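Spelled out, the chains give:
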Amino acid sequence: MTLLERDRSAPSAWLGELPVTSRYTYGLAGERFFRTIKDEGKLLGTHCSNCERTYIPAALFCERCLAQLDEWVDVGTTGEVHTFTLLYENYDGSPREDPEIVVFVELADGGLIHRLDEVDPEDVVIGMQVEAVFKPKAERVGSILDISHFKPVGG
Ligand SMILES: [Zn+2]
């Protein structure tokens, strides 16, 4: 038997529970990105002057030229819907009464995936201007969910 042959006499599945814990760190650029969301309600990107690109979320290195980035830019809180989808089921598979709108919001040369609210799903279009709605400062913890949702500009 080679290593790639399946042993047909062996069980093909096991039931069991594996206790798994993990800790994800934001890294240097992410730490400042999320701290500024928490403390100031602002979205900061990092700018590469070689490539004239501004990264959102902030990155420590330019993905094109690999330069270390230390120029921080406030990109504002308004972006453009690049694409979106509607969720008709909850994560547990139960049906939703109203669909949840999930958007990729283009900000600078990057963007964020988030919820869009305060708009009817049939009124969402690619290219519409949307702005971040932050939770009250006392409720922010340094997470992307410190942005409650995005809403249409002027909506
Ligand atoms: Zn670059």
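What counts and how
- Residues numbered from 1 in each chain as written.
- Predicted model: local features only at pLDDT ≥ 70, side-chain atom pairs only at ≥ 80, totals over all residues.
- Heavy atoms only, no water.
- Helix = DSSP H or I, 4+ residues; strand = E, 2+ residues; numbered from the N terminus.
- Rg over C-alpha atoms; globule rule 2.2 N^0.38 Å.
- Buried < 20%, exposed > 50% of the residue type's maximum accessible area, 1.4 Å probe, protein only.
- Contact = heavy atoms within 4.5 Å.
- Areas by Shrake-Rupley, 256 points an atom, 1.4 Å probe, with all protein chains shown as cover.
- Lys, Arg positive; Asp, Glu negative; His and termini not counted.
- Charge placed at Lys NZ, Arg CZ, Asp CG, Glu CD.
- Pairing = 2+ DSSP bridges.
- Axes fitted to C-alpha atoms, helices over the stretch in contact; angles between N-to-C directions.
- Donors = N, O, S within 2.8 Å, 3.2 Å for Na, K, Ca; no water.
- Tetrahedral: all angles 85-135°; square planar, octahedral: opposite > 155°, others 65-115°.

Visitor: What should I look at first to understand the overall build of the protein chain in this one?
Guide: Scanning the protein chain from terminus to terminus reveals one helix and eight strands. Overall, the protein chain shows an N-to-C arrangement of helices and strands of α-β-β-β-β-β-β-β-β. Taking 2.2 N^0.38 as the reference for a compact globule, 155 residues should give roughly 15 Å; the C-alpha atoms of the protein chain span a radius of gyration of 21 Å, well beyond that estimate. When the backbone C-alpha atoms are referred to their principal axes, the protein chain occupies close to 65 × 45 × 35 Å. Out of the 155 residues belonging to the protein chain, those deemed buried represent 31%. For the protein chain, the share of sequence-separated contacts (at least 6 apart) that also reach a separation of at least 24 residues comes to 49%. Summing over all exposed atoms, the protein chain offers an accessible surface of approximately 10700 Å²; the carbon and sulfur share of this is 51%. Put simply, the protein chain has 15 plus and 27 minus side-chain charges, and the middle of one group is 7 Å from the middle of the other.

Visitor: Could you clarify how one ought to interpret the pairing of strand β4 (residues 78-89) in this entry?
Guide: Relative to strand β7 (residues 129-134), β4 is paired through three bridges, and the arrangement is antiparallel. Among the inter-strand pairings, T78 is bridged to a residue of β7, identified as E131. Note: β4 against strand β5 (residues 95-107), eight bridges, orientation antiparallel. Pairing of V81 across the sheet is with V105, part of β5.

Visitor: How should the sheet that holds strand β3 (residues 71-74) be read in this particular structure?
Guide: As a general point, the strands of a sheet are linked pairwise by backbone hydrogen bonds and lie either parallel or antiparallel. Reading across from one edge, β2-β1-β3 is the order of the three strands in this open sheet, with antiparallel pairing throughout. Edge positions in the open sheet fall to β2 (53-55) and β3, since each of these has one partner strand only. Recorded for the sheet is a direction-independent mean angle of 40° between the axes of neighbouring strands.

Visitor: What is the right way to read the side chain of H149 from this model?
Guide: Relative to the helices and strands, H149 is located in strand β8 (residues 147-152). Residue classification places H149 among the buried positions, given a relative accessible area of 8%. Beyond its immediate stretch of four places on either side in the chain, H149 contacts H114, R115, D117, E118, E131, A132 and V133.

Visitor: What should I look at first to understand the coordination of the zinc ion in this one?
Guide: Each pair of donors in an ideal four-coordinate tetrahedral metal site encloses 109.5 degrees, whereas pairs in an ideal six-coordinate octahedral site enclose 90 or 180 degrees. Distances from the zinc ion to its protein donors, C48 (SG), C51 (SG), C62 (SG) and C65 (SG), fall at 2.3 to 2.4 Å. Geometry at the zinc ion is tetrahedral, judged from the four donor atoms that bind it and their angles of 102 to 115° at the metal. One chain supplies every donor to the zinc ion, and in sequence these donors are spaced C-x2-C-x10-C-x2-C. Here C62 lies in the loop between β2 and β3 and C48 lies in strand β1 (residues 44-48), a separation of 14 residues in the sequence. Here the two residues C48 and C62 agree in accessibility, since each one is buried.

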